[in-house]
Amino acid sequence: MGAAARVAAAGRVQGPYDNNQAGQLAAAGGDASALERRELGDAANLVDTALGYLLGSEQKVTVEGAENADEETPTPGAAEAAAVQDRLRKWADKELLTFRVQQAERAAVLLGDSVMVLAWNPEKQRPTLRVYDPGFFFPQWDDEDEDFPSRVHLAWELPADDDAGLKARVRRVTYELGSISEDGEDGNERAAAGGRQYPWEPGRSSNVTCYLTDAEWLLEDLKNGETLERLPMDKASFRVRSDGTELNRLDLMIDFVPVVHIANTIPDGGEHWGRSVLARVLQALDELAATDSDSSAASATTGTPIIGLAGARLPVDRATGRPQELEVKAGAVWQLGETGRMDALDTSPQLAELRARVDHLLERIAANSRLTAAGLGTLDATEVPSGYALQLALGPLDALIGMMRLAREHKYRLLFKMVQRLYQAGRAEGRTAGETLPARLAWAPPTPTDRGAVLEEVVKAYGAGVLSLETAVAMLMEAGYPIKDASEEVERIRAKAEQEATLRMAEAAARRGRDDEEKDQESGEGEINAAA
């Protein structure tokens, strides 16, 4: 559990930065002066900016080959791919996939990892999708070389509720792959004898299934040193499903663990965890907060300076007979003696230096986080001589987003594969047996593109016959043109082209008819003149 513990620790550290509470975290560690630290939301700005560029303007579920379904001669399997794509998009709308992706991705960008869990809902007749804190995720690998864990725990502490009479508890949800023969029920024993045939692998028998266990333990029943893996089952209280089924090694009738772990970055070799966008600039954020605090103190002494008086006649409090304190305010008049003098402490140079240091730290944070000053919006537009220079300035940001999307590519493919298989396992209407089709999540471009240049390139390439109409429309969609569906747009373009071609043919036929009439008329006039 060492790696999972590191993920939980990262959440405890980076979460306070996101909520402007890093000073309180440092104070809890013994730094009393940290409570005066000024935090102005720079960490949250980094997270939200990276998230915005990662997600782009929209995300779409696409199935390979679906774009060819509307062609005059569609490729084999295109109609099936289009049907699967339509069903997945309807599921995404019903399950609020865009909202769930926002939840999961913000946690991944901030904490380095995120977890999504799928479950079949018999009442809704569709898979449901939920997002969990990565600090609750405890995967167990039988072999470190495996791509996916064979057992996954989701565990968290439930606080006591005095009003409801509930004590503090620990809840653990476990998904585990195991042999069907391990279950003692007669039905599963008979299934294990010849193996179980899953609808996504017709003709092939399998003896593997996924078991679900959802249980709670009272904290007072747990001893010190007991690990999450070895909680006493004799003291567990198992949860019950809405239909009365106890969730104790419940056979889910699937051969995979319906949990998808998303890493923010490509993990190092032998690791499975990602890295937060804040990880490399945490110290810079600390220095920025300290500099802001110093700048605030310096601005206070600049606006209301420290003044030294010599030879001044101070007013006396009649009640106590002691000199009264002088206040620095507009309209104040102080009487000085013949040798009196007033000196003011000028801290404006120090304030200017502190503000320059703030700008320097922001530049370092933008460079080291690879979000760039142009990406964060702090780059002065007058400093950019051309669009090409802006593109070069955004180069590190494009590389960062490309790496982050690459780390997620196969995870979302896995998510949509699980969705299709859960539909098949739930025997939903219209879901037949057969292999699942590869689907992916398509992202919009992260940075602005020169739409005029893309349009000119597409027109020239399509006119020269080196690009198909489908590819040309796809390029325009990636450039940000408001095209909702590529296949529908292609159909509209072809219909309009056919209409214009029909109109041109009609006009040409009409012109030929008029020319023939004029020729006949001229020929008749010539014959009349010859006869005359």
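Above: the structure in question.
These lines cover the structure that appears in this document, whether it is placed above or below.

Cut-offs used in this document
Residues numbered from 1 in each chain as written. Predicted model: local features only at pLDDT ≥ 70, side-chain atom pairs only at ≥ 80, totals over all residues. Heavy atoms only, no water. Helix = DSSP H or I, 4+ residues; strand = E, 2+ residues; numbered from the N terminus. Buried < 20%, exposed > 50% of the residue type's maximum accessible area, 1.4 Å probe, protein only. Contact = heavy atoms within 4.5 Å. Pairing = 2+ DSSP bridges. Axes fitted to C-alpha atoms, helices over the stretch in contact; angles between N-to-C directions. Expected span 1.5 Å × (residues − 1). Bend = angle between axes of the 7 residues up to and from the residue. Core = buried A, V, L, I, M, F, W, Y, C linked by side-chain atoms within 4.5 Å. Phe/Tyr/Trp six-rings, centres within 6.5 Å; stacked < 30°, edge-to-face > 60°. Lys NZ or Arg CZ within 6 Å of the ring centre and 35° of its normal. Parallel < 35°, antiparallel > 145°, perpendicular 65-115°, else oblique. Left-handed = near helix turned anticlockwise from the far one by under 90°. Nonpolar A, V, L, I, M, F, W, Y, C, P; charged D, E, K, R; others polar. Salt bridge = Lys/Arg side-chain N within 4 Å of Asp/Glu carboxyl O. Arc of directions from axis to C-beta.

1. Describing the overall build of the protein chain
Thought 1: A tally of helices and strands in the protein chain yields 14 helices and 15 strands.
Thought 2: Within the span of the protein chain, comprising 532 residues, buried residues form 37% of the whole.
Thought 3: Across the protein chain, the fraction of contacts at a sequence separation of at least 24, relative to all contacts at a separation of at least 6, is 67%.

2. Description of the pairing of strand 3 (residues 126-132)
Thought 1: In this structure, strand 2 (residues 113-121) lies alongside strand 3, joined through seven bridges in antiparallel fashion. Residue pairing for strand 3: V117 is matched across the bridge by R130.
Thought 2: Where strand 2 hands over to strand 3, the hairpin turn is made up of four residues, of which Q125 adopts a positive phi near 55 degrees.

3. Brief notes about the sheet that holds strand 2
Thought 1: The strand order across the open sheet built from three strands is 3-2-12, with neighbouring strands paired in antiparallel fashion. Either end of the sheet is taken by a strand with one partner, and the two such strands are strand 3 and strand 12 (259-263). Mean inter-strand twist for the sheet, computed between neighbouring axes without regard to direction, equals 25 degrees.
Thought 2: Strand direction decides the pairing type here: strand 2 and strand 12, joined by five bridges, are antiparallel. The residue bridging V117 from the neighbouring strand is V259, located in strand 12.

4. Here's the deal with helix 11 (residues 395-425)
Thought 1: Under the 1.5 Å per step criterion, the end-to-end length of helix 11 is 45 Å for 31 residues, consistent within 8% with the ideal 45 Å.
Thought 2: Of all the bends in helix 11, the largest measures some 30 degrees and sits at E409.
Thought 3: Just downstream of helix 11, R427 is the residue with a positive phi angle, here 55 degrees.

5. What to know about the pairing of strand 5 (residues 151-158)
Look at any regular strand and the pattern is simple: side chains alternate between the two faces of the sheet.
Thought 1: A large share of strand 5 lies buried, amounting to seven of its eight residues.
Thought 2: Note: strand 4 (residues 137-140) against strand 5, four bridges, orientation antiparallel. When the sheet's bridge partners are listed, F137 is paired in strand 5 with L154.
Thought 3: Relative to strand 6 (residues 169-179), strand 5 runs antiparallel, the two sharing eight bridges.

6. Quick look at the nonpolar core
Thought 1: Ranked by internal contacts, the top residues of the largest apolar core, which has 82 residues, are W91, Y175, L278, L285, Y412 and F416.
Thought 2: The dominant element in this core, judged by the number of residues it contributes, is helix 11, at 13 residues.
Thought 3: If we ignore the near neighbours within four places in the chain, the residues touching Y175 are V117, S150, R151, V152, L154, C210, Y211, L212, L252, V257, P258 and V259.
Thought 4: Among the nonpolar cores identified, the runner-up in size contains nine residues, and V458, L469, V473 and I483 belong to it.

7. Quick look at the packing of aromatic side chains
Thought 1: Considering all chains together, one arrives at seven aromatic pairs under this definition.
Thought 2: Ring centres of Y412 and W443 lie 5.8 Å apart, and the angle between their planes is 80 degrees; on these two criteria the pair is classed as edge-to-face. Of this pair, Y412 sits in helix 11 while W443 sits in strand 15 (residues 439-443), and the two are 31 residues apart along the sequence.
Thought 3: Three or more aromatic residues link up through ring pairs in this structure, and these residues are Y132, F136 and W156.
Thought 4: Cation over ring: R249 sits above Y211, and NZ or CZ is 4.1 Å from the ring centre.

8. Notes on the packing of helix 3 (residues 42-55) against helix 11
Thought 1: Orientation of helix 3 relative to helix 11, taken along the N-to-C sense of each, is 70 degrees, at an axis distance of 10 Å. In terms of orientation, helix 3 and helix 11 fall into the roughly perpendicular class. Helix 11 is crossed by helix 3, and the crossing has right-handed handedness. Across from A50, Y53, L54 and L55 in helix 3, the residues of helix 11 making contact are L397, I401, M404, R405 and R408.
Thought 2: A breakdown of the residues in the contact of helix 3 with helix 11 according to their chemical character gives seven nonpolar, no polar and two charged.

9. As for the packing of helix 3 against helix 5 (residues 97-111)
Thought 1: Put simply, helix 3 and helix 5 touch, their axes get as near as 10 Å, and they point 130 degrees apart. One way to sum up the angle between helix 3 and helix 5 is to call them oblique. The hand of the helix 3/helix 5 crossing is right-handed. Residues A44, V47, D48, A50, L51, L54 and L55 of helix 3 pack against V101, Q102, E105, R106, V109 and L110 of helix 5.

10. Examining the environment of E36
Thought 1: Within the secondary structure layout, E36 lies in the loop between helix 2 (22-28) and helix 3.
Thought 2: Separated by 13 residues in sequence, E36 and G23 place their C-alpha atoms 7.5 Å apart.

11. Some remarks on the pattern of salt bridges
Thought 1: Scanning the entire structure with this criterion turns up 23 salt bridges.
Thought 2: Between E201 and R204 there is a salt bridge; the shortest N-O distance is 2.6 Å.
Thought 3: The exposure class of E201 is partly exposed, given its relative accessible area of 24%.
Thought 4: For R204, a relative accessible area of 47% puts it in the partly exposed group.
Thought 5: Between E287 and R357 there is a salt bridge whose closest N-O contact spans 2.8 Å. With E287 in helix 7 (residues 282-303) and R357 in helix 8 (residues 348-368), this pair connects stretches of sequence that are 70 residues apart.
Thought 6: A relative accessible area of 34% places R357 in the partly exposed class.
Thought 7: Salt bridges here are not isolated pairs; linked through shared partners, they connect R151, E176, E229 and R249.

12. Section: helix 8
Thought 1: The first and last C-alpha atoms of helix 8 sit 30 Å apart over 21 residues, in line with the 30 Å expected at 1.5 Å per residue.
Thought 2: Every buried residue belonging to helix 8 is among L351, L354, V358, L361, I365 and A366, and all of these are buried. Buried positions in helix 8, seen along its axis, are confined to an arc of 135 degrees and lie on one side of it. Opposite the packed face of helix 8, turned more than 90 degrees from it, sit the exposed residues E353, E363 and A367.
Thought 3: R370 sits one or two residues past helix 8 and shows a positive phi near 70 degrees.

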